[in-house]
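The lines below spell out each chain.
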Amino acid sequence: MAVIQCPACNKRMSSKADACPHCEFKLTGLSSEQREREWQQVVQRQRERLTSQSMLALLMAIAAFTYFFMQQPEPGSWQLHLANGGMLVGLVWFVINRIRMLLLKRRGC
Ligand SMILES: [Zn+2]
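Residues numbered from 1 in each chain as written. Predicted model: local features only at pLDDT ≥ 70, side-chain atom pairs only at ≥ 80, totals over all residues. Heavy atoms only, no water.

Student: I tried to follow the overall build of the chain on my own but got confused; where do I start?
Tutor: The helix and strand tally for the chain stands at two helices and two strands. When the helices and strands of the chain are placed in sequence order, the string is β-β-α-α. Its C-alpha atoms give the chain a radius of gyration of 20 Å, clearly above 13 Å, the size a compact globule of 109 residues would have. For the chain, the spread of C-alpha atoms along the principal axes amounts to about 60 × 25 × 20 Å. In the chain, once contacts between residues fewer than 6 apart in sequence are set aside, the share between residues at least 24 apart is 41%. A total of about 7800 Å² of accessible surface is found on the chain, and carbon and sulfur atoms cover 61% of it. Of note, the chain has its 14 positive side-chain charges centred 6 Å away from the centre of its 7 negative side-chain charges. (Helix = DSSP H or I, 4+ residues; strand = E, 2+ residues; numbered from the N terminus. Rg over C-alpha atoms; globule rule 2.2 N^0.38 Å. Contact = heavy atoms within 4.5 Å. Areas by Shrake-Rupley, 256 points an atom, 1.4 Å probe, with all protein chains shown as cover. Lys, Arg positive; Asp, Glu negative; His and termini not counted. Charge placed at Lys NZ, Arg CZ, Asp CG, Glu CD.)

Set out below in structure tokens:
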């Protein structure tokens, strides 16, 4: 049994497996044309998920910032930590999603 890289998500999987356990990309019983189409669909699905996630992340950062701006929580209060944490997590999450979308694009789609 060999370990190969899934063509769709690049995670490691068994060459004997019918489908990738990570993204369910099917490998056996398909012509190269079908595989190509299947791959496009997987990439498309991943892109949609990343887009909605980055939107969610951005909304979260904006909501936290709006709260921070409108309420101006006192220094050291839990509200301030919450607003700061929300902004930080939202922005980091957004950037990560953007990078993943770039990587997805670079894989040839
Ligand atoms: Zn996969």
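We are not done yet, so read on.
Student: Where do I start with the coordination of the zinc ion in this structure?
Tutor: Metal coordination angles have textbook ideals: 109.5 degrees for a tetrahedral set of four donors and 90 or 180 degrees for an octahedral set of six. Here the zinc ion is held by the protein donor atoms Cys6 (SG), Cys9 (SG), Cys20 (SG) and Cys23 (SG), which lie 2.2 to 2.3 Å from it. Mapping the donors of the zinc ion onto the primary sequence yields the spacing C-x2-C-x10-C-x2-C. A single burial state applies to Cys20 and to Cys23, both of which are buried. (Donors = N, O, S within 2.8 Å, 3.2 Å for Na, K, Ca; no water. Buried < 20%, exposed > 50% of the residue type's maximum accessible area, 1.4 Å probe, protein only.)

Student: For this particular structure, what's the right way to read the environment of Lys11?
Tutor: With respect to the helices, strands and loops of the structure, Lys11 is situated in the loop between strand S1 (3–5) and strand S2 (12–14). Lys11 sits in the partly exposed class, given a relative accessible area of 43%. In the structure, Lys11 is positioned 12 residues away from Cys23 in sequence and 8.9 Å away in space, judged by C-alpha atoms. Among residues more than four places away in sequence, those in contact with Lys11 are Ile4, Gln5, Cys6 and His22.

Student: Explain the environment of Arg35 to me, please; I cannot follow it from the model alone.
Tutor: Tracing the backbone shows Arg35 in helix H1 (residues 32–71). Along the primary structure Arg35 and Arg106 are separated by 71 residues, whereas in three dimensions their C-alpha atoms are 19 Å apart.

Student: Is there a simple way to think about the nonpolar core in this case?
Tutor: It is characteristic of soluble globular proteins that their nonpolar side chains tend to be buried jointly. If you look at the biggest cluster of nonpolar residues, it comprises 14 residues, and the most contacted ones within it are Cys6, Ala8, Cys20, Cys23 and Phe25. When residues of this core are traced back to their parent elements, those giving at least two are H1 and helix H2 (78–106). With four residues, the top contributor of residues to this core is H1. (Core = buried A, V, L, I, M, F, W, Y, C linked by side-chain atoms within 4.5 Å.)

Student: Where do I start with H1 in this structure?
Tutor: At 3.6 residues per turn, the α-helix brings residues three or four places apart onto the same side. Between its first and last C-alpha, H1 extends 57 Å over 40 residues, near the 58 Å set by a 1.5 Å rise per residue. Looking at the packing, one finds that the buried side of H1 touches H2. One or two positions beyond H1, positive phi appears at Gln72, with a value near 45 degrees. (Expected span 1.5 Å × (residues − 1).)

Student: Even after reading the chapter, I still don't get the side chain of Ser54, so can you show me in this structure?
Tutor: By secondary structure assignment, the location of Ser54 is in helix H1. A relative accessible area of 0% means that Ser54 is categorised as buried. Aside from chain neighbours lying at most four places away, what touches Ser54 is Phe94, Asn97, Arg98 and Met101.

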